[in-house]
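An overview of the molecular structure
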Amino acid sequence: ILEHVELSTDSGTGRFFTQSLRILRRDSDEVAGDIEMQKEFQVLGMQAAVPLLARECLAGVLVLDSRLTGEPLANSELELVFHLLQEVGLALRNTWLHDQLVANNAMLGDVLRELSSGCVVVNRNLAIIHANKAARNIFGRSVKRGAELEFNDLPAALGSKVFQVLNTGNGIATFKYQPPESPQALYYVSILPVQGQAAGQPSMALLMIEDHSQQEQLRRLEIETSNLRLVKTMADRLAHEIGNALVPLSTHQQLLHDKYRDPEFRSSLEAALADSVKRIARLTSQMRYLARDAIISKEALPLAQLLEEAFQEAQKYQPLKSANLQLEKREQPIVLAGDRAALKHAVAEVLLNALQANPATPQRINPAVR
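Treat the numbers as computed from the prediction; the structure is a model and nothing was measured. (Residues numbered from 1 in each chain as written. Predicted model: local features only at pLDDT ≥ 70, side-chain atom pairs only at ≥ 80, totals over all residues. Heavy atoms only, no water.)

1. Focus on the sheet that holds strand 3 (residues 58-64)
With antiparallel pairing, three strands are arranged side by side in an open sheet as 1-2-3. The outermost strands of the open sheet, each flanked by one partner alone, are strand 1 (24-25) and strand 3. Inspection of the sheet shows strand 1 paired to strand 2 (residues 48-53) by two bridges, in the antiparallel sense. Counterpart to Leu-24 in the pairing with strand 2 is Ala-49. Along the sheet, helix 2 (residues 12-19) contacts strand 1, strand 2 and strand 3; its crossing angle with strand 3, the most-contacted strand, is approximately 120°. (Pairing = 2+ DSSP bridges. Helix = DSSP H or I, 4+ residues; strand = E, 2+ residues; numbered from the N terminus. Contact = heavy atoms within 4.5 Å. Axes fitted to C-alpha atoms, helices over the stretch in contact; angles between N-to-C directions.)

2. Thoughts on the pairing of strand 4 (residues 118-123)
Most of strand 4 sits inside the fold, with six of its six residues counted as buried. Where strand 4 and strand 8 (residues 204-211) come together, six bridges link them in antiparallel fashion. Across the sheet, the residue bridging to Val-121 is Leu-206, located in strand 8. In this sheet, strand 5 (residues 128-131) lies alongside strand 4 in antiparallel orientation, the contact comprising three bridges. For Val-120, the partnering residue across the bridge sits in strand 5 and is Ala-131. Following strand 4, the chain reverses through four residues before pairing antiparallel with strand 5; Leu-126 in that reversal takes a positive phi of roughly 60°. (Buried < 20%, exposed > 50% of the residue type's maximum accessible area, 1.4 Å probe, protein only.)

Pasting the structure below:
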């Protein structure tokens, strides 16, 4: 019996109604010419079949037998049943679409709820219509357990920006936010307008907030680790340079008792003291610059003037009269912006390295000014 009762679009009344949306009677020519439909009418004991449509899609078939009095159904009655079934099919279709919409909304809510980023949706009445778990953990710490998150629970700095987006319709690009009560916490916040079907002001605003406190802490740790490695390198370099500066002093100190009365020895001692003091003073100056946390001053200065001052500074530690600085003249001088003292110190170290590279026959230093 199930083989004939089950509705199929491949044969019988199901196939007929997919091709033609007409009411079938048992004594019609269509039924007489189709063995499968004859079997269905016979097994179900029906006199008429009416299609049930859901927006022009076959959803089912209503089978009818005769009246209780045995009289057949009139055409007008079957037409009325047909039109009533269209309303039933429309209701079925709307119910199915509603179920789909509810399922999609539930799925979207589940996705937003499980996101690691906080999501808050605010409507034009400044009412929060959605807040996921991450947002509740961030903003709902002062809210009683079980209570809903309200607009007043948002920090004033963020609430004002949400209000601005709702009024202007312009989103706010991602920005950093640090709560005043938790300066160690760092959040990245973006606020986007949600436009409705009608053009104009947005119907909602979506606030996305992501906790970067741990990443910021890791970044600081990496910087501190890098600084420690730099300090180690600086300490090794400083110890090496100071050791080199102390070698001639140590040598003269060992010979001081025996050769102090020798004028040539005293002259050599004086030169060694002067050279070592200069080297140690230069190292001290280098360490002082490296120990600074920020730029002390920032000004605009011509590059040519900076090079000349740096060359004079380098000559203090490597005085070579035969060395000279030659700069190519340009129609438009190059102007730099930065810490004057730090830039002069850095360039002086480069020029000093050039002077020390060939102290025997220095001739000309011609830096490429670009």
